[in-house]
Amino acid sequence: MNKDFKMTATTLFGLEGVLAKELRDLGAQDVKEGVRMVSFRGDTGFMYKANIALRTAVRILKPIKVCKIYDEEDLYEAIQKIKWENYLETEGTFAIGAVVNSKNFTSNSHYISLKSKDAIADYFRHKYSKRPNVDLDYPDLKIHIHIQKEWLTVSLDSSGDSLHKRGYRTATNIAPINEVLAAGMVLLSGYTGEENFIDPMCGSGTILIEAAMIANNIPANINRKLFAFENWKDYDEDLYFTIQESLLKKIRSCHFKIMGFDKAPSAVQKAQDNIENANLDEFIGVHHVNFFNSTKEVFGNTTILFNPPYGERLNIDTEEFYKKIGDTLKNNYPGSTAWLITSDTDALKCVGLRTSKRIALKNGDLNCKFVKYDLYEGTRKFKERKDDTNTEEETND
């Protein structure tokens, strides 16, 4: 019987709560939110499940040592005390990444990685007269060193490549949105596949693909070719395939429209290629349409979610562009809920609609706002008569 152990799932700023909910829904125990991370407990099978299924995790770390250290020599000694032969062969390869947030350590994270590497190499050399090699590209074991004040945490990285690398995206446009961020936005919007979904500026289709995977309950990383734990000495292939099969059995079929528009034919083609790679072409339609000339052509409630150009990405007249976004939403998409992300908070003032929710996120290094607009059927005055308790309707302020 596998024993539970503590793990850490790292994530992007602003998605900690979404990730914590994902973990609880998946069956994790002792879930606790931190800054860009969520800790939890589970067994080996759950570690496999978390890597395959989590949409908003960047990587899943398994701590193997936690202790106090005060300088580089303490670090060296602490790492030397780990029984590394339990995790790595002398003929194997490894790589180390480090994050340091401590005034006790004036050296940078690169030096901490080198010091840790020396400790592991010396451990094997002293005990076995030979040592494993470093391979930064395809290591058998990826090790994560985290120093927070005086606390050292040594973890094994069970994911390997960042979990945003789903395996479906081969074609991209300028500044494509990260898959983890795209999934996080869809989950933050409350979309579950029970209504129509539109990305009116879809680019290479990442938001559409993540929305379709959510709508159909398809595991986020089912298209990945490799997780780091598959190279571990204790990897249980039968258990892995059992977990994978149980997740595949929970896939459902969404019967609502999922559509993307883009005014650039090249973007439409890239989106279609990526959607086909993700095996989702039967669920997503992409069309060569300029959003500003479009109208709502589907019945019923609709979630509109998009990542419009920022000043950082394209040379646009920001004021005019965001005013046209607001006018198009207000006039052409009644009965919808619209969400957009932007780093240009001044541009939001040009939209001309009142936001009903604002969430702070980061897109790469950019501080962003993810905002919600409620677009009602009919005029605002009619809506206020219908429900005078609602204060978040669209407005031309």
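Residues numbered from 1 in each chain as written. Predicted model: local features only at pLDDT ≥ 70, side-chain atom pairs only at ≥ 80, totals over all residues. Heavy atoms only, no water.

- The protein chain is annotated in an unreviewed UniProt entry as DNA methylase from Polaribacter atrinae.

## A closer look at the overall build of the protein chain
Then comes step 1: Scanning the protein chain from N- to C-terminus turns up 11 helices and 15 strands.
Then comes step 2: On C-alpha atoms alone, the protein chain measures out to a radius of gyration of 24 Å, which is about the 21 Å that the 2.2 N^0.38 rule sets for 397 residues.
Then comes step 3: Its C-alpha atoms give the protein chain principal-axis dimensions of roughly 80 × 45 × 40 Å.
Then comes step 4: Taking all 397 residues of the protein chain together, the buried fraction comes to 52%.
Then comes step 5: Partitioning the contacts of the protein chain with sequence separation of at least 6, the portion at a separation of at least 24 is 76%.
Then comes step 6: Here the protein chain contributes 53 positively and 57 negatively charged side chains, and the mean placements of these two sets differ by 3 Å. (Helix = DSSP H or I, 4+ residues; strand = E, 2+ residues; numbered from the N terminus. Rg over C-alpha atoms; globule rule 2.2 N^0.38 Å. Buried < 20%, exposed > 50% of the residue type's maximum accessible area, 1.4 Å probe, protein only. Contact = heavy atoms within 4.5 Å. Lys, Arg positive; Asp, Glu negative; His and termini not counted. Charge placed at Lys NZ, Arg CZ, Asp CG, Glu CD.)

## Some points on the environment of Glu230
Then comes step 1: Tracing the sequence through the fold places Glu230 in the loop between α6 (206–215) and α7 (237–248).
Then comes step 2: By relative accessible area, which is 22% here, Glu230 ends up partly exposed.
Then comes step 3: Taking the C-alpha atoms as reference, Glu230 lies 8.4 Å from Ser158; in sequence the two are 72 residues apart.
Then comes step 4: Not counting the four nearest positions on each side in its chain, Glu230 is found in contact with Lys225, Tyr235 and Tyr240.
Then comes step 5: A polar contact is formed between the side chain of Glu230 and the backbone nitrogen of Phe227, at a distance of 2.9 Å. (Polar contact = N/O pair within 3.5 Å; in protein donor to acceptor, adjacent residues only side chain to side chain.)

## Focus on the side chain of Ser107
Then comes step 1: For Ser107, the location among the structural elements is in the loop between β5 (93–101) and α4 (109–128).
Then comes step 2: Side chain to side chain, Ser107 and Glu72 meet in a polar contact 2.6 Å long.
Then comes step 3: Not counting residues within four places of it along the chain, the set of residues in contact with Ser107 comprises Glu72 and Ile112.

## Notes on the domain arrangement of the protein chain
Then comes step 1: Domains assigned within the protein chain are domain 1 (5–157) and domain 2 (179–219 + 252–375).
Then comes step 2: Placing a centre on the C-alpha atoms of domain 1 and another on those of domain 2 gives a separation of 35 Å.
Then comes step 3: On the side of domain 2, 14 residues touch domain 1, which itself brings 13 residues to the contact.
Then comes step 4: Of the roughly 1,100 Å² buried at the junction of domain 1 and domain 2 (both faces included), carbon and sulfur atoms supply 72%.
Then comes step 5: Taken as a group, Phe13, Leu15 and Arg55 account for 54% of the area that domain 1 buries against domain 2, more than any other trio of residues on that side.
Then comes step 6: Summed over the shared surface of domain 1 and domain 2, the result is 0 salt bridges.
Then comes step 7: Here domain 1 is connected to domain 2 by 2 residue pairs in polar contact (both at pLDDT 80 or more).
Then comes step 8: For the side of domain 1 that touches domain 2, the elements supplying multiple residues, two or more each, are α1 (16–26) and α2 (44–53).
Then comes step 9: Looking at the side of domain 1 that touches domain 2, its residues break down into 8 nonpolar, 2 polar and 3 charged. (Domains from an automatic or database assignment. Buried area = accessible area lost by both parts, 1.4 Å probe. Salt bridge = Lys/Arg side-chain N within 4 Å of Asp/Glu carboxyl O. Nonpolar A, V, L, I, M, F, W, Y, C, P; charged D, E, K, R; others polar.)

## A look at the packing of α1 against α2
Then comes step 1: Closest axis-to-axis distance for the α1/α2 pair is 11 Å, and the angle between their directions is 130 degrees. With respect to α2, the axis of α1 lies oblique. Pair α1 / α2 crosses with right-handed handedness. Residues Glu22, Leu23 and Leu26 of α1 form the contact with α2, whose own contacting residues are Phe46, Lys49, Ala50 and Ala53.
Then comes step 2: A per-class count over the contact of α1 with α2 returns 5 nonpolar, no polar and 2 charged. (Axes fitted to C-alpha atoms, helices over the stretch in contact; angles between N-to-C directions. Parallel < 35°, antiparallel > 145°, perpendicular 65-115°, else oblique. Left-handed = near helix turned anticlockwise from the far one by under 90°.)

## Topic: the nonpolar core
Across soluble globular proteins, nonpolar side chains have a tendency to be buried as a group.
Then comes step 1: Residues Leu23, Phe40, Ile60, Trp84, Ile143, Ile145 and Leu152 are the most contacted members of the largest nonpolar core, which totals 52 residues.
Then comes step 2: With 6 residues, α2 is the largest single contributor of residues to this core.
Then comes step 3: In terms of nonpolar packing, the next biggest core, distinct from the first, is built from 38 residues, Ile218, Cys254, Leu305 and Leu361 among them. (Core = buried A, V, L, I, M, F, W, Y, C linked by side-chain atoms within 4.5 Å.)

## Observations regarding the packing of aromatic side chains
Then comes step 1: Under the counting rule described, the total for this entry stands at 20 aromatic pairs.
Then comes step 2: Between Trp84 and Tyr87, the ring centres sit 6.1 Å apart and the planes meet at 70 degrees, which makes this aromatic pair edge-to-face.
Then comes step 3: Using a relative accessible area of 0% as the deciding quantity, one classes Trp84 as buried.
Then comes step 4: Since its relative accessible area comes to 25%, Tyr87 is described here as partly exposed.
Then comes step 5: With a centroid separation of 5.9 Å and an interplanar angle of 50 degrees, the aromatic rings of Phe291 and Phe306 are classed as tilted. Here Phe306 lies in strand β12 (residues 302–306) and Phe291 lies in the loop between β11 (285–288) and β12, a separation of 15 residues in the sequence.
Then comes step 6: By relative accessible area, Phe291 is classed as buried at 3%.
Then comes step 7: For Phe306, a relative accessible area of 0% translates into the label buried.
Then comes step 8: One aromatic cluster is present, formed by Tyr48, Phe227, Phe229, Tyr235, Tyr240 and Phe241 through successive ring pairs. (Phe/Tyr/Trp six-rings, centres within 6.5 Å; stacked < 30°, edge-to-face > 60°.)

## A word on the sheet that holds strand β2 (residues 29–33)
Then comes step 1: As summarised here, the arrangement of the 8 strands in space is β2-β3-β1-β4-β8-β7-β5-β6, forming an open sheet in which the pairing is mixed. Looking along the sheet, the strands with just one partner apiece sit at the ends: β2 and β6 (133–134).
Then comes step 2: Where β5 meets β6, 2 bridges bridge the pair, whose relative direction is parallel. Each bridged residue has a counterpart across the sheet, and for Phe94 the counterpart in β6 is Val134.
Then comes step 3: Contacting β4 (59–68), β7 (141–148) and β8 (151–157), helix α3 (residues 72–80) crosses the sheet at an angle of about 45 degrees to β8. (Pairing = 2+ DSSP bridges.)

## Observations concerning the pairing of β5
Then comes step 1: By the bridge criterion, 8 bridges tie β5 to β7 in an arrangement that is parallel. Residue pairing for β7: Val99 is matched across the bridge by His146.

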